[in-house]
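Report on the structure
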Amino acid sequence: MRVETVITVDGPSGTGKGTLAQRLARHLGWHFLDSGALYRITALGTEAAGIAPTDTAGLCAFAARMDVAFATRFAGSIVLDGAEISDQVRLEESGAKASIVAAIPELRAALLQRQRDFRQPPGLIADGRDMGTVVFPDAALKFYLTASAEERAHRRYKQLINKGVDVSLRSLLRDIQARDERDSTRAVAPLRPAEDAIIVDTDTLTADAVFALACQHVDARLGLRGA
Ligand code: DC
């Protein structure tokens, strides 16, 4: 059986991994998995359904049956049970809620096959925390993006202020540090680079520079120059 090629892009939030993953998907004309969105949707959907984050069986049953539609080829709208929830999914507080349910091993197991099902022709770019370590350990190419918590908070601050959202840099930094701590110390699939990942520190790199660097690796390793 032919196994489709996967490129993984992992790292903490605010490193530009979502931007890189989406650009690679568009560049190659491949599918795109936003695994963080699956955790965010599970957190929001269970909350709306009155299922407590401590109700592991309830969370898993919801994750197994939730009817989610992504504009998978490129990042776009997210529809849960017929309702458009893209804006809500991308809120800071939804990321924090996702990080809490994501620490539950049974829920991670319930979402594993769902994520693997995104591996479809002609190929997949998978964005997350454990794409290269757990979900697609056989990926052809693995990127792990890093950046200091201060730089990531600063980037997020600029994004939110530009959108007209009133936030404090200090509270953003505190939230990022709390989420990093939770994501990297959990017992199952903690945030860490795969042994064979290419580590890219994006502190001093623009999004264009990160994309150009990634394309060099894609070309060198896979001989793919884009669609
Ligand atoms: O990438 P993101 O900010 O959308 O992710 C939201 C949370 O979901 C993140 O804090 C941890 C969790 N997550 C995870 O545990 N594993 C993944 N593959 C993706 C996200």
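Here we summarise the structure given alongside this text. The shown structure was predicted, so the numbers you read here are calculated from the model rather than taken from an experiment.

Let us look at unusual backbone geometry. With an omega dihedral of 5°, the bond running from Pro121 to Pro122 counts as a cis peptide bond. Assignment of secondary structure puts Pro122 in the loop between helix H6 (105-116) and strand S6 (124-128). Within the chain, Ala189 stands out as a residue other than glycine whose phi angle is a positive 50°. Checked against the element boundaries, Ala189 lands in the loop between helix H9 (169-185) and strand S8 (198-201).

Attention now goes to the pairing of strand S1 (residues 6-10). Burial of S1 is extensive: 5 of the 5 residues sit out of reach of the surface. The alternating pattern of S1 places Val6, Thr8 and Asp10 and Ile7 and Val9 on opposite faces, both of which are buried. Where S1 lies against S6, 5 bridges are found, and the strand directions are parallel. Its bridge partner being in S6, Val9 is matched across the sheet by Asp127. Sheet topology places S1 next to strand S7 (residues 141-146); 4 bridges connect them, and they run parallel. Within S7, the residue paired with Asp10 across the bridge is Tyr144.

Let us now look at helix H5 (residues 92-101). Residues Ser94, Gly95, Ala98, Ser99 and Val101 constitute the buried set of H5. The arc that holds the buried residues of H5, viewed along the axis, is 165°, so those residues lie on one side. Buried-residue contacts for H5 involve helix H2 (35-48), helix H3 (56-65), helix H4 (86-89), H6 and H9.

So, about the pairing of S6. Buried residues dominate S6, accounting for 5 of its 5 residues. Of the two faces of S6, the one holding Leu124, Ala126 and Gly128 and the one holding Ile125 and Asp127 are both buried throughout. Here strand S2 (residues 31-34) pairs with S6 via 4 bridges, running parallel. Residue pairing in the sheet places Phe32 in a bridge with Ile125 of S6.

With that out of the way, let us pick up the site of the ligand. Close contacts around the ligand come from 18 residues, with Arg40, Arg108, Arg129, Arg179 and Arg186 the closest. In the model, an oxygen atom of the ligand is placed 2.7 Å from a nitrogen or oxygen of the Arg108 side chain. For the ligand, an oxygen atom lies 2.8 Å from a polar atom in the side chain of Asp183. Within the complex, 96% of the 450 Å² of free accessible area of the ligand lies under protein. When residues of the shell around the ligand are assigned to their parent elements, the largest contribution, 4 residues, is made by H2. A class-by-class count of the residues in the shell around the ligand yields 4 nonpolar, 6 polar and 8 charged.

Scoring rules and cut-offs
- Residues numbered from 1 in each chain as written.
- Predicted model: local features only at pLDDT ≥ 70, side-chain atom pairs only at ≥ 80, totals over all residues.
- Heavy atoms only, no water.
- Helix = DSSP H or I, 4+ residues; strand = E, 2+ residues; numbered from the N terminus.
- Buried < 20%, exposed > 50% of the residue type's maximum accessible area, 1.4 Å probe, protein only.
- Pairing = 2+ DSSP bridges.
- Arc of directions from axis to C-beta.
- Contact = heavy atoms within 4.5 Å.
- Near = heavy atom within 4 Å.
- Polar contact = N/O pair within 3.5 Å; in protein donor to acceptor, adjacent residues only side chain to side chain.
- Areas by Shrake-Rupley, 256 points an atom, 1.4 Å probe, with all protein chains shown as cover.
- Nonpolar A, V, L, I, M, F, W, Y, C, P; charged D, E, K, R; others polar.

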